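A look at the structure
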Amino acid sequence: AVVSTQSTGEVSAVGKVITNNGTTMKVELCDGGQVTVRFSEVTEALPSTCVEIHGRVEGDGVSIAGMQLIHLKDDTNMRIFSKGIDVCEEWVNDVFKYSS
């Protein structure tokens, strides 16, 4: 559910907000996993809001230092996002497998 440019680098993630205290939010990702996102400034997103997050993976691998939050439409289909990410991962794996 997290698309990464590097395993510990910048990522994009799509999901629904579970909780948000202003600077820290818990998000259920489009594949059902959960991640904690920490922002340096107060970020407004109500529970059940669909969001896209851009940030950096933190050392524990289940937290993101948030750099940008984009609100998506409430009726965003998380299953479609999850399938799209799966397709992208397969394509990237195939490209690197055959380019070695």
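Placed above this text is the structure.
Let us look at the structure shown here. Everything numeric in this text was worked out from a predicted model, so none of it was measured.

Once that is clear, we can look at the pattern of salt bridges. Taken as a whole, this structure holds two salt bridges when the rule is applied. A salt bridge links Glu 10 to Arg 56; its shortest N-O distance comes to 3.2 Å. Linking Glu 10 in strand β2 (residues 10-20) with Arg 56 in strand β5 (residues 50-57), this pair joins segments that are 46 residues apart in sequence. Since its relative accessible area comes to 38%, Glu 10 is described here as partly exposed. On the basis of relative accessibility, which here comes to 40%, the residue Arg 56 falls in the partly exposed class.

Phi is positive for Ser 48, which is not a glycine, with a value near 75 degrees. Within the secondary structure layout, Ser 48 lies in the loop between β4 (34-38) and β5.

Counting residues in each nonpolar core, the largest one holds 15 residues, and the members touching the most others are Met 25, Val 27, Val 37, Val 51, Ile 53, Ile 64 and Leu 69. For this core, the secondary-structure elements that each account for two or more residues are β2, β3 (24-29), β4, β5 and β6 (63-71). Counting five residues, the second largest nonpolar core, distinct from the first, contains Val 14, Cys 30, Cys 50 and Ile 85.

In this fold, Ser 63 is placed in strand β6. Using a relative accessible area of 3% as the deciding quantity, one classes Ser 63 as buried. At a separation of 3.1 Å, a polar atom in the side chain of Ser 63 contacts the side chain of Arg 38. Ser 63 has contacts with Val 35, Thr 36, Arg 38, Arg 56, Val 57 and Glu 58, leaving out every residue within four places of it along the chain.

So, about a negative patch on the surface. A contiguous patch of negative charge, built from Glu 28, Asp 31, Asp 86, Glu 89 and Glu 90, is present on the exposed surface. Positionally, Glu 89 belongs in helix α1 (residues 78-99).

One can find Met 67 in strand β6. When the C-alpha atoms of Met 67 and Glu 41 are compared, they prove to be 9.6 Å apart, with 26 residues separating the residues in sequence. Residues in contact with Met 67, not counting those within four places in the same chain, are Glu 10, Phe 39, His 54, Gly 55 and Arg 56.

Calculation rules
- Each chain has its residues counted from 1, following the order in which its sequence is written.
- Residue-level local features of this predicted model are given only where pLDDT is at least 70; pairs of side-chain atoms are given and counted only at 80 or more, and the full residue set underlies all totals for whole chains, interfaces and linings.
- Side-chain numbers here rest on the full set of heavy atoms in the structure, without hydrogens or water.
- Salt bridges are counted wherever a side-chain nitrogen of Lys or Arg sits within 4 Å of a carboxyl oxygen of Asp or Glu.
- Per the convention used, a helix needs a DSSP run of H or I reaching at least four residues, while a strand needs a run of E reaching at least two, with both numbered from the N terminus.
- Only protein chains enter the accessibility calculation, which uses a 1.4 Å probe. A residue is then buried if its area is under 20% of the maximum for its type, exposed if over 50%, and partly exposed in between.
- Each nonpolar core is a collection of buried residues, namely Ala, Val, Leu, Ile, Met, Phe, Trp, Tyr and Cys, held together in the definition by side-chain atoms within 4.5 Å.
- Throughout this description, a polar contact denotes any pair of N or O atoms lying within 3.5 Å of each other; where both atoms belong to protein, one of them has to be capable of donating a hydrogen while the other can accept it, and for residues adjacent in sequence the pair is counted only when both atoms sit in side chains.
- Any two residues having at least one pair of non-hydrogen atoms within 4.5 Å are treated as being in contact.
- Nonpolar side chains (Val, Leu, Ile, Met, Phe, Trp, Tyr) within 5 Å and like charges within 9 Å form the patches, drawn only from residues with over 30% relative accessible area and no salt bridge.
- The Shrake-Rupley method, run with a 1.4 Å probe, gives the accessible areas here. Residue values count only the displayed protein chains as cover.
- When charges are counted, Lys and Arg are positive and Asp and Glu negative, with His and the chain ends excluded.
- The atom standing in for a charge is NZ when the residue is Lys, CZ when it is Arg, CG when it is Asp and CD when it is Glu.

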